[in-house]
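Structure assessment
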Amino acid sequence: MWVMNDTKNKIIEIAKRRGFYWKAYEIYGGLGGFYDYGPLGAQLKENILKIWKEQFIIHDGLLTLDSPNLGPEVLYVASGHTDKFTDYMVKCEKCGHVFRADELLKGVVNEVEKLDENGIWKAIRDNGIRCPDCGGPLTPPERFHLMFSTKVGMDKVAFLRPETAQGIFVNFPILYRLNREKLPLGVAQVGKGFRNEISPRQGLLRLREFNMAEIELFVDPLENFPLGEMNEVILPLLTNTGEELHISAKESVAKGIVESHMAYYMGKVILFLKSLGIDMQRVRFRQHYPEELAHYSRDTWDCEILLSMGWVEVIGISNRGDYDLRRHMSYSGRDLTALRRFENPKKIKIKKLRPKMEILGPIFKRDAKKIAEIVENMSYTDGDIYVEINDQKVKVPRDAYEIVVEEETVGGERFIPHVIEPSFGIDRILYAILEHAYYERSDSGYKVLKLKPKIAPVKVAVFPLMSKEGLDEKAEDIMRVLRKRGISAYYDESGSIGRRYARADEVGVPFCVTVDYRTLEDSTVTIRDRDTAQQKRIKIENLPETVESLCREEIGFEEL
RNA sequence: GCGGGUGUAGUCUAGUGGUCAGGACGGGGGCUUCCCAAGCCUCUGACCCGGGUUCGAAUCCCGGUACCCGCACCA
């Protein structure tokens, strides 16, 4: 374990020294759970997100949404977060241990979740509950809010979003229309989330402000999702019954282990992580135990990556059912349903009431028209009808209407879509990439980040073998040409050539170009591959193109 | 939030109640016979913050803050 922990410390050291990330606000002593991304880290994050957007948004034609970080109180009341995100904590006065009050009262009091602060305190005293560790007396409960709150304007309570998802749910009707009223409808949002963690730890792994990329896939629960290209992707599964399986996505659905939409995304996640350079031997999907599920979730599979501190959740795929839309419907009063179209529109015969005006008229005079309207819209009935009009109940006799049978065509039925939510912790993924990319060369012990060219923050370093006799100017020219092609490049003439290679390796620069004396004779340069330290010589005029295809991973270095 | 530990240049670290806080690596400049962190010269730069004890505190004490480990928490 200490060996593994060592890796973590080395990553932290490089991250700070070379500019990937570091604790925020350090000159004021720092602030727990907040980090700055430095030049390399910010670029790395951007590259990760670019690939994410390509694979999840563009490839699948999802809609993108960019909604605010702050939301009104009612939004989070409806979502269930104000309830579920507030814990009442009690502390032992003797040994100082802190407990969740609801945990202590479970089994002692019915409907613990309905108790407020006073109710909890009363229940603790009435039942003589004491510290489970040492038997000491407990303090009154204290609220601990896991959402950051603030005021909008003078006094309107608002919360910073703990997930980007709610912004998508409340926009379902618009998005549904923009998708031409078709399901499945996938909406993606990349942005920040905020959670006031009790104790943020482990650097980038537990942040109070973090980067997330979320998809809400609205589906018809009656429809099975075709897995397409994901059919044969092998999923490493750990079920909540403790079963470990390596089976294809297709099989996982066929065996009833994974719901089809979720299986599709699990396949995509595997391909995504592979393209980021994550070691597939250290990836698994772990199914949540029923008691572990979030308040909105019916089933959750966490994608976990093995890091030096153990298995770490980086992506969660949840089946949120119709929880969110149902809640927002009831709190907002808006219709958030979708239409399930029948393959063949159904003809339905319905019995309706048709008022007979010749009878209603004489009885009700002026009110006859209004009463007729009411009767017309009533569901089928027989016998005398009582109708309320002008605050009075009046009797419509049976002979004042007749029963007719009408045929209607029904095109479909309305239902609340279910939501499948793959949610990506970008900061955790970024950290996992660094750990999996890190190694020390066996011969020299030098540190290397074997970042894939696609995500490497810097693609090329250009060196003059010596900074004289025009080699330096030539090298700087080459760097400028590369930059103009949109390739992130830097120039380095400081120190020996070996040191410059080492410096580049440590931050994962995949390719180094060196201008030497032969360059002046035949306009060729050497290009060096980080992972093998091998060099090839190519013409300067071909360099930008070559580097471009290398960085797009269209060709490998060995093919040069 | 609790218990334990830690906090010295960009990084890793030495150190003691009392001269100028030492080293290594890094970084800048220069020299060099220059393709994998070579060498030499030179420069750069630190005692987490606040209070207390003391003639004197980076060192001891208290508080804060941050990190690490454990507990708890982690929708």
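Residues numbered from 1 in each chain as written. Chains lettered and ligands numbered in written order. Predicted model: local features only at pLDDT ≥ 70, side-chain atom pairs only at ≥ 80, totals over all residues. Heavy atoms only, no water.

Looking at helix H10 (residues 260-275)
A rise of 1.5 Å per residue sets the reference length of H10, with its 16 residues, at 22 Å; its end C-alpha atoms lie 23 Å apart and thus fit the reference within 8%. A large share of H10 lies buried, amounting to 14 of its 16 residues. Positioned one or two residues after H10, Gly277 has a phi angle of 90 degrees, which is positive. (Helix = DSSP H or I, 4+ residues; strand = E, 2+ residues; numbered from the N terminus. Expected span 1.5 Å × (residues − 1). Buried < 20%, exposed > 50% of the residue type's maximum accessible area, 1.4 Å probe, protein only.)

Here we look at the layout of surface pockets
The computed volume of the second largest pocket comes to approximately 450 Å³. Secondary-structure elements contributing two or more residues to the lining of the second largest pocket are helix H2 (39-58) and helix H18 (543-551). Its residues assigned to classes, the lining of the second largest pocket comprises five nonpolar, four polar and eight charged. Both domains that meet at the lining of the second largest pocket, namely domain 1 (2-74 + 150-324 + 419-426) and domain 4 (444-559), each give it at least three residues. (1 Å grid on protein atoms, 1.4 Å probe; cavity = no way out; pocket = protein on both sides within 12 Å on 5 of 7 lines; lining within 4 Å. Points joined across faces, edges and corners; volume = space filled by probe spheres on them. Nonpolar A, V, L, I, M, F, W, Y, C, P; charged D, E, K, R; others polar. Domains from an automatic or database assignment.)

Focus on helix H14 (residues 426-437)
With twelve residues, H14 extends 16 Å between its outermost C-alpha atoms, agreeing within 8% with the 16 Å of an ideal straight helix rising 1.5 Å per residue. Counted residue by residue, H14 has eleven buried out of twelve residues, so it is predominantly covered. Residues of H14 that are buried: Ile426, Asp427, Ile429, Leu430, Tyr431, Ala432, Ile433, Leu434, Glu435, His436 and Ala437.

With respect to a negative patch on the surface
A contiguous patch of negative charge on the surface is contributed by Glu373, Glu376, Glu406 and Glu408. Elements supplying a minimum of two residues to the negative patch: helix H13 (368-376) and strand E20 (401-415). Within the secondary structure, Glu406 sits in strand E20. By relative accessible area, which is 34% here, Glu406 ends up partly exposed. (Patch = residues over 30% accessible without salt bridge, like charges linked within 9 Å, V, L, I, M, F, W, Y side chains within 5 Å. Areas by Shrake-Rupley, 256 points an atom, 1.4 Å probe, with all protein chains shown as cover. Salt bridge = Lys/Arg side-chain N within 4 Å of Asp/Glu carboxyl O. Lys, Arg positive; Asp, Glu negative; His and termini not counted. Charge placed at Lys NZ, Arg CZ, Asp CG, Glu CD.)

Regarding the environment of Phe169
If you trace the backbone, Phe169 turns up in helix H7 (residues 165-169). Not counting chain neighbours up to four residues away, the residues in contact with Phe169 comprise Glu216, Phe218, Arg320, Asp324, Leu325, His328 and Val419. (Contact = heavy atoms within 4.5 Å.)

Thoughts on the environment of Ile317
Among the structural elements, Ile317 can be located in strand E16 (residues 310-321). Every residue in contact with Ile317, bar those within four places of it in the chain, is listed here: Met262, Tyr265, Met266, Val269, Phe285, Asp299, Thr300, Trp301, Ile420, Glu421 and Pro422.

Structural notes on the sheet that holds strand E8 (residues 149-152)
Pairing in this open sheet of three strands is antiparallel, and the strands run E4-E9-E8 from one edge to the other. The open sheet has two edge strands, strand E4 (70-72) and E8, and neither has a second partner. The average angle at which neighbouring strand axes cross in this sheet is 45 degrees, direction not considered. Looking at chain direction, E4 and strand E9 (residues 156-160) are connected through three bridges and run antiparallel. From the neighbouring strand, Pro72 faces E9, where its bridge partner is Ala158. (Pairing = 2+ DSSP bridges. Axes fitted to C-alpha atoms, helices over the stretch in contact; angles between N-to-C directions.)

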